[in-house]
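# Working through the structure, step by step
For reference, the chains in residue letters:
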Amino acid sequence: RTRFAPVKKCNDLLLLRSDAYVLEKSVPVLAPGIHSAPQISLDSKKYKLVQQLEANLVGGTAPSLKQCTKLKVSGEVRFSAKNILIGEITIKNESSEPKTLPPGIYENTTIDLTAAPGLGALKVTNVKTAPIDGQKPGTSGLRKKTKVFVEGLYLHNFVQATLSAVKAAGSDLENETLVIGGDGRYYNDKAIQIIVKIAIANGVKRVWVAKDGICSTPAMSAVVRERGPQWQKAFGAFILSASHNPGGPDEDFGIKYNCENGGPAPEKITNAIYANTTTITTVKMCQDFPEIDITKLGETRVQAKDDSQVAIVQVIDCVTPHLDLLATVFDFDFIKSALLSRPDFSMVFDAMHGVTGPYARALFVDIFGLPESTLMNAIPLPDFGGHHADPNLTYAVDLTAKCGITKTGRAIESLTNTPSFGAASDGDGDRNMILGSKFFVTPSDSLAVLAANADAIPFFKNQGGIKAVARSMPTSGAVDLVAKKLNLALFETPTGWKFFGNLMDSKALFNGTDYTPLLCGEESFGTGSDHVREKDGLFAVLAWLTILAHFNQDASKPFVTVQNIVEEHWARYGRNYYCRYDYEGVDKAKATEMMAAMTSASATNTGKTIGGFTIATADVFGYTDPVDGSVSKNQGIRFLMADGSRIVFRLSGTAGSGATVRLYLEKYDPKILDKHVSEVVGPLVDVAMQLSKLPEYTGRNEPTVIT
């Protein structure tokens, strides 16, 4: 027992971590020259738990004890490797806060730190709390009404649970950087200050905060992945956003955690976060840490009064890093010379008063030299101007009106002088909508067109072309046809960008197959590639501008429009008529009951003929991840018809309140290309209502949104 190290208490653990022990064949034994272990007696209340000991080892290092014979500590004392203890040492601290033992050699002495300087603004307060129901993160983090987040310690609990989870998973909080930013919605500014105080208390020594709190979700991924220097690299980020959901004191707020690869936390992390929220008793906070002025770029350094540590909060520009990255993906000069310089081209971009406004101004006005009138709703507002910042035909009404398109996607023929190209992005900048003059491009068609023309994009062409495409299960099979023709790997995943992220990181993180460069997308207006680990609204816009430039390099020829490109694509591959109905804010219990009824009837529905459609397969979509082997169940109810048509139902978990039932309808036709979507999928709607009994369960006869 004197040579090998028994570890029963923090007394033993401190000794084991010190230089009194060394490893011999992976076994800790007393260091050479030490015949018996020093006697260690730490305050039993202050060092009862391992976490308490770790919190009091500065830099994670223990004092030198190889020349110490006895150490007694009363009160809470912080040590470091710069403390060399010789002989018998007694240390006491009768104050109410931890005190740091200054660097030096201490021999056969008693030290009273009671009156010594403390941590000052870096003093950690353990705030008592209790678990709060409903903090299980969904595919896009935790979203609730703003009033829920503002009340009590709701936000505090989730942040503490997250930091505890990522630290347990191996993230180096003390030596790496935490990034914080969001879409600028109501409560972002106050939430940032709270998160900073909790992060510093949990050992984070460096925090990057987005200027004005404004950082788009794809830009956050870029900052985490690209911003240096390497020794300051980010271990993760908090993104404060409820994406496309409305903002304001009576609307939605959200928070999610992204890991060091720049992508959403994987399920093992979100499960650990949720588990922590169910057992949490304490939130660590540096309550005296100063408020950070997030309106100005710069650095705030807060030094402990005892000079034992320093915390740095740096307000950073999150616009430039994202645009710098996109400049390596696309050829900005080519876009300007081949497309933007044409007198017969014009465009408009609607930021919907979301986070993308500053990015759009820097890109389209400052870099591309387009007039300010190119931008619509480009000033971020806490409530998105009272609008729903969701780029679709229902909510992006300013843009659709300007481009000559109705809420149902039909052309307004009487309108003249419509722009050649229109685009919009959502609240946090990760979604996109693409329009031509009087022409709407569905997200599924957009993905397929980009895949078919990917070699026009330098990022893909310079790497030998895309190797794989991936789509969420509800997304139409239009891109599947491209993948088959071009012999690309194809993946059908559940909804959630983290599944695409796994494919992107297959080789780098899992030592598996390299699927990059990879193009991916979701029918919910999300498009992206492996340049970041989030969907990227501006990426999609620039991809379309690049393809337009590719087809319009000869200014002497007539302008090739967005509509021309899409219709030529249909002529080559056939058309997937596709539509999505959203029934928002329905009673969650009733919606869940409806989904359960369809699930239980899967076997009996298979083989039935309804409304002229024969159901070849009725099932519940599940997914086994080809990269990490994880299994995702209950990812949507599918009715696959014998003629290739599809009806899909999903219950969305991204709304702030209530539930959203999403109904997806798809019918493929290789020859008839010019009908309106509603004419083709209308019969499928009738079948879907019969199969689901949706009006009976929800009381809804019409969808809230049609896209």
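Below you will find a few notes about this structure. Small disclaimer: the values here were computed from a predicted structure and weren't measured.

Our next topic: the overall build of the chain. The helix and strand tally for the chain stands at 22 helices and 35 strands. The globule rule puts the C-alpha radius of gyration for 707 residues at 27 Å, and the 29 Å found for the chain is close to it. By sequence separation, contacts in the chain at least 24 residues apart represent 67% of the contacts at least 6 residues apart. Taken together, the 73 basic and 75 acidic charged side chains of the chain have centroids lying 6 Å from each other.

Summed over all chains, the structure comprises zero disulfides. Lacking any disulfide linkage, cysteine 520 is separated from the closest cysteine sulfur, that of cysteine 259, by 18 Å. A relative accessible area of 0% places cysteine 520 in the buried class. Free of any disulfide, cysteine 579 has its nearest neighbouring cysteine sulfur in cysteine 403, separated by 20 Å. On the basis of relative accessibility, which here comes to 7%, the residue cysteine 579 falls in the buried class.

What follows concerns the pairing of strand β18 (residues 347-350). Side chains Met347 and Phe349 project from β18 onto one buried face, and the interleaved Val348 and Asp350 project onto a second face that is buried too. The pairing of β18 with strand β20 (residues 421-425) spans four bridges and is classified as parallel. Bridging across to β20, methionine 347 finds its partner in phenylalanine 421. Bridge count for β18 against strand β19 (residues 375-376) is two bridges, and the pairing is parallel.

Another aspect to go through is helix α10 (residues 357-367). Every buried residue belonging to α10 is among Gly357, Tyr359, Ala360, Ala362, Leu363, Phe364 and Val365, and all of these are buried. Immediately downstream of α10, the backbone of glycine 369 shows phi near 75°, a positive value.

For the structure on display, the rule yields 15 aromatic pairs. Seen in terms of ring centroids, phenylalanine 332 and phenylalanine 368 are 5.3 Å apart; in terms of plane orientation they differ by 80°. Their pairing is edge-to-face. With phenylalanine 332 in helix α9 (residues 332-340) and phenylalanine 368 in the loop between α10 and β19, this residue pair connects regions lying 36 residues apart in the sequence. With a centroid separation of 5.7 Å and 90° between ring planes, the pair formed by phenylalanine 499 and tyrosine 623 is classed as edge-to-face. Here phenylalanine 499, found in helix α15 (residues 497-504), pairs with tyrosine 623, found in strand β30 (residues 623-624); they are 124 residues apart in sequence, far enough to count as distant. Each member of the pair, phenylalanine 499 as well as tyrosine 623, is classed as buried. Members of the aromatic cluster, joined through ring pairs, are Phe149, Tyr154, Tyr187 and Phe253. Sitting above the plane of the tryptophan 208 ring, arginine 227 keeps its charged end 4.5 Å from the centroid. A cation over an aromatic ring shows up here: arginine 575 above the ring of tryptophan 570, its NZ or CZ 3.9 Å from the ring centre.

For the rest of this paragraph, the subject is the sheet that holds strand β27 (residues 575-586). Taken in spatial order, the seven strands make up an open sheet running β28-β29-β32-β33-β34-β27-β35, and their pairing is antiparallel. Only two strands of the sheet have a single partner each, and these edge strands are β28 (609-610) and β35 (705-706). As paired strands, strand β29 (residues 613-620) and strand β32 (residues 637-641) are joined by five bridges and run antiparallel to one another. When the bridges of β32 are listed, valine 620 appears paired with isoleucine 637.

Taken in spatial order, the seven strands make up an open sheet running β10-β14-β13-β11-β12-β17-β16, and their pairing is mixed. Here the strands that pair on one side only, and so sit at the sheet edges, are β10 (142-145) and β16 (298-303). This sheet shows a mean twist of 15° between the axes of neighbouring strands, independent of strand direction. Here strand β13 (residues 234-240) runs beside strand β14 (residues 252-259); their pairing, made up of four bridges, is antiparallel. The residue bridging glycine 236 from the neighbouring strand is cysteine 259, located in β14. On top of the sheet, helix α5 (residues 188-201) reaches β11 (177-182), β12 (206-214), β13, β14 and β17 (310-316); it is set at about 180° to β12, its chief contact. Here helix α6 (residues 217-226) sits on the sheet and contacts β11, β12, β13, β14 and β17; the angle it forms with β13, its principal contact strand, is near 165°.

This part covers α9. All of the buried residues along α9 are Phe332, Ile335, Ala338, Leu339 and Leu340. Each buried residue of α9 lies within a common arc of 150° when the element is viewed along its axis, so the set occupies one face. Considering only its buried residues, α9 is in contact with α8 (319-329), α10 and α17 (537-551). N-capping of α9 is provided by aspartate 331, with a side-chain oxygen placed 3.1 Å from the backbone N of aspartate 333.

To continue, consider the pattern of salt bridges. Under the counting rule described, the total for this entry stands at 31 salt bridges. Here lysine 92 makes a salt bridge to aspartate 112, at a shortest N to O gap of 3.9 Å. Of this pair, lysine 92 sits in strand β6 (residues 83-92) while aspartate 112 sits in strand β8 (residues 104-112); the two residues are 20 residues apart in sequence, bridging distant segments of the chain. Residue class for aspartate 112 comes out partly exposed when judged on its relative accessible area of 44%. Residues aspartate 480 and arginine 471 are paired through a salt bridge, measuring 2.7 Å at the closest nitrogen-oxygen approach. Arginine 471 gets classed as buried once you look at its relative accessible area, which sits at 6%.

A few words now on the nonpolar core. Grouped together as the largest cluster of nonpolar side chains are 78 residues, with contacts concentrated most on Phe330, Phe364, Phe368, Phe421, Trp544 and Leu545. In terms of residues, this core owes the most to one element, α17, which gives 10 residues. Excluding residues that lie within four positions of it along the chain, tryptophan 544 makes contacts with Phe421, Ile434, Val441, Ser446, Val449, Leu450, Val562, Ile565 and Val566. Ranked by size, the runner-up nonpolar core spans 52 residues in total, among them Leu119, Val159, Ile195 and Cys286.

The next subject is the packing of helix α14 (residues 478-486) against helix α18 (residues 562-573). Each pair of packed helices can be summarised by the angle the axes make with each other and by the distance between the axes. Relative to each other, α14 and α18 sit at 60°, their axes nearing to 11 Å. In this structure, α14 crosses over α18, and the sense of that crossing is left-handed. Facing Leu481, Val482 and Lys485 of α14, the residues of α18 in contact are His569, Arg572 and Tyr573.

So, about the environment of phenylalanine 499. Overall, phenylalanine 499 belongs to the buried group, its relative accessible area being 6%. Separated by 372 residues in the primary sequence, phenylalanine 499 and valine 127 place their C-alpha atoms 36 Å from one another. When neighbours within four sequence positions are excluded, phenylalanine 499 is seen to be in contact with Thr493, Pro494, Tyr623, Asp625 and Ser632.

Time to look at the environment of threonine 698. Tracing the backbone shows threonine 698 in helix α22 (residues 694-698). With 111 residues separating them along the chain, threonine 698 and aspartate 587 place their C-alpha atoms 6.7 Å apart. Side-chain polar atoms of threonine 698 contact the backbone oxygen of leucine 694, separated by 2.8 Å. A distance of 3.1 Å separates a polar side-chain atom of threonine 698 from the backbone nitrogen of arginine 700.

In contact at an axis separation of 7 Å, helix α12 (residues 443-452) and α14 are set at 15° when each is read in the N-to-C sense. The angle between the axes of α12 and α14 places the two elements in the roughly parallel class. Helix-helix and strand crossings are classified by hand; for α12 and α14 the assignment is right-handed. On the side of α12, the interface is formed by Ser444, Asp445, Leu447, Ala448, Ala451 and Ala452, while α14 contributes Ala478, Val479, Val482 and Leu486.

The rules we used
Every chain is numbered independently, its residues counted from 1 as its sequence is written. A pLDDT threshold of at least 70 governs which residues receive local features in this predicted model, and a stricter bar of 80 or more applies before side-chain atom pairs are shown or counted, although totals over entire chains, interfaces and linings include all residues. Only hydrogens and water are set aside; all other atoms, that is, all heavy atoms of the structure, feed into the side-chain values. A run of H or I in DSSP counts as a helix once it spans at least four residues, and a run of E counts as a strand once it spans at least two, with each numbered from the N terminus. Just to be clear, the radius of gyration here is over C-alpha atoms, and the globule rule we use is 2.2 Å times residues to the power 0.38. Contacts are assigned to residue pairs that have any heavy atoms within 4.5 Å of one another. Positive residues here are Lys and Arg, negative ones are Asp and Glu, while His and the chain termini are left out of the count. By convention, the charge on Lys lies at NZ, on Arg at CZ, on Asp at CG and on Glu at CD. Cysteine sulfurs are considered disulfide-paired once they come within 2.5 Å of each other. Working definition: with a 1.4 Å probe on protein chains only, accessible area under 20% of the residue-type maximum means buried, over 50% means exposed, and in between means partly exposed. Paired strands are those between which DSSP finds at least two bridges. Centres within 6.5 Å make a pair out of two Phe, Tyr or Trp rings, where for Trp the six-membered ring is used; the pair is then stacked when the planes are under 30 degrees apart, edge-to-face when over 60, and tilted otherwise. The rule for a charge over a ring is simple: NZ of Lys or CZ of Arg within 6 Å of the ring centre, and within 35 degrees of the ring normal. Note on method: axes are straight lines fitted to C-alpha atoms, helices fitted across the in-contact stretch only, with angles between N-to-C directions ranging 0 to 180 degrees. This arc describes the spread of directions from the helix axis toward the C-beta atoms. Nitrogen and oxygen atoms within 3.5 Å of one another constitute a polar contact, given that in protein one can donate a hydrogen and the other can accept it, and given that sequence-neighbouring residues count only through two side-chain atoms. Within this document, salt bridges are pairs made up of a side-chain nitrogen of Lys or Arg and a carboxyl oxygen of Asp or Glu, the two lying within 4 Å of each other. Take the buried residues of types Ala, Val, Leu, Ile, Met, Phe, Trp, Tyr and Cys, join any two whose side-chain atoms come within 4.5 Å, and each joined set is a nonpolar core. What makes a crossing left-handed is the near helix being turned counterclockwise from the far one by less than a right angle; a clockwise turn instead makes it right-handed. Angle categories are assigned with fixed cut-offs, so that under 35 degrees is roughly parallel, over 145 is roughly antiparallel, 65 to 115 is roughly perpendicular, and the rest are oblique.

In short, the description is geometric, and any link to function would need to be established separately.
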